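# Breakdown of the fold
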Amino acid sequence: MTISNTGTGDVDPEAREELERLRASIDNIDAAVVHMLAERFKATQQVGRLKARHHLPPADPGREARQIERLRSLAEDARLDPAFAEKFLNFIVAEVIRHHERIAEDTAHSSPGPG
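Residues numbered from 1 in each chain as written. Predicted model: local features only at pLDDT ≥ 70, side-chain atom pairs only at ≥ 80, totals over all residues. Heavy atoms only, no water.

### Structural notes on the overall build of the chain
Helix and strand content of the chain: three helices and zero strands. For the chain, the N- to C-terminal ordering of α and β elements is α-α-α. A burial count over the chain gives 18% of its 115 residues as buried. Within the chain, counting contacts between residues at least 6 apart in sequence, those at least 24 apart form 49% of the total. (Helix = DSSP H or I, 4+ residues; strand = E, 2+ residues; numbered from the N terminus. Buried < 20%, exposed > 50% of the residue type's maximum accessible area, 1.4 Å probe, protein only. Contact = heavy atoms within 4.5 Å.)

### Considering helix α1 (residues 13-53)
Across its 41 residues, α1 extends 60 Å between first and last C-alpha, which sits within 8% of the 60 Å expected from 1.5 Å per residue. Buried within α1 we find Ala 15, Phe 41, Thr 44, Gln 45, Gly 48, Lys 51 and Ala 52. Residues of α1 that are buried make contact with α3 (82-110). At the N-terminal boundary of α1, the capping side chain belongs to Asp 12, with an oxygen 2.8 Å from the backbone nitrogen of Glu 14. His 55 sits one or two positions beyond α1 and adopts a positive phi of about 55 degrees. (Expected span 1.5 Å × (residues − 1). Polar contact = N/O pair within 3.5 Å; in protein donor to acceptor, adjacent residues only side chain to side chain.)

### What to know about the packing of aromatic side chains
All told, the structure shown has one aromatic pair when counted by the stated rule. Ring geometry for Phe 84 against Phe 88: centres 6.4 Å apart, planes inclined by 20 degrees, an arrangement best described as stacked. Separated by four residues within a single helix, Phe 84 and Phe 88 lie in helix α3, roughly one turn from each other. Note on Phe 88: relative accessible area 37%, which makes it partly exposed. (Phe/Tyr/Trp six-rings, centres within 6.5 Å; stacked < 30°, edge-to-face > 60°.)

### Re the confidence of the model for the chain
Per-residue confidence for the chain gives a mean pLDDT of 90; residues scoring 70 or more make up 88%. When the elements of the chain are averaged for pLDDT, α3 gives the smallest value, 94, and α1 the largest, 97. (pLDDT = per-residue confidence, 0-100.)

### Some remarks on the pattern of salt bridges
Two side chains with opposite charge may pair up if their charged atoms get near one another. Inspection of the entire model under this criterion finds four salt bridges. Among the salt bridges present, the one from Glu 39 reaches Lys 42, with a minimum N-O distance of 3.0 Å. With Glu 39 and Lys 42 both in helix α1, this residue pair falls three residues apart, about one helical turn. Using a relative accessible area of 45% as the deciding quantity, one classes Glu 39 as partly exposed. (Salt bridge = Lys/Arg side-chain N within 4 Å of Asp/Glu carboxyl O.)

As structure tokens, then:
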């Protein structure tokens with residue numbers, strides 16, 4: 001069973017079918033990941049607004065450290081490279097903090113000043 005690297009050569013029909021099945025599964029997983037990230041960011045936007053209203057800092061290093069440990073453990077259980085999982089979470093957390101900073105700035109600019 002040989003699969004062409006160019007995509008233009010003759011491919012065993014069974015191999016092509018398996019490849020298409022696997023790629024369809026990957027596409028479905030990618031769609032689910034995007035939708036889950038969207039839901040996660042909806043929740044973190046709510047957190048950002050709450051933090052801004054109560055003048056809390058955008059970042060929470062203690063929580064971030066706990067989340068990294070938790071995610072690394074989950075990754076190990078799932079047989080996913082914990083270092084990759086940590087990089088992924090760090091990327092997401094950096095984006096969340098950026099959103100929280102923007103929300104805090106917007107809240108500060110829209111709040112009426114002292115009397």
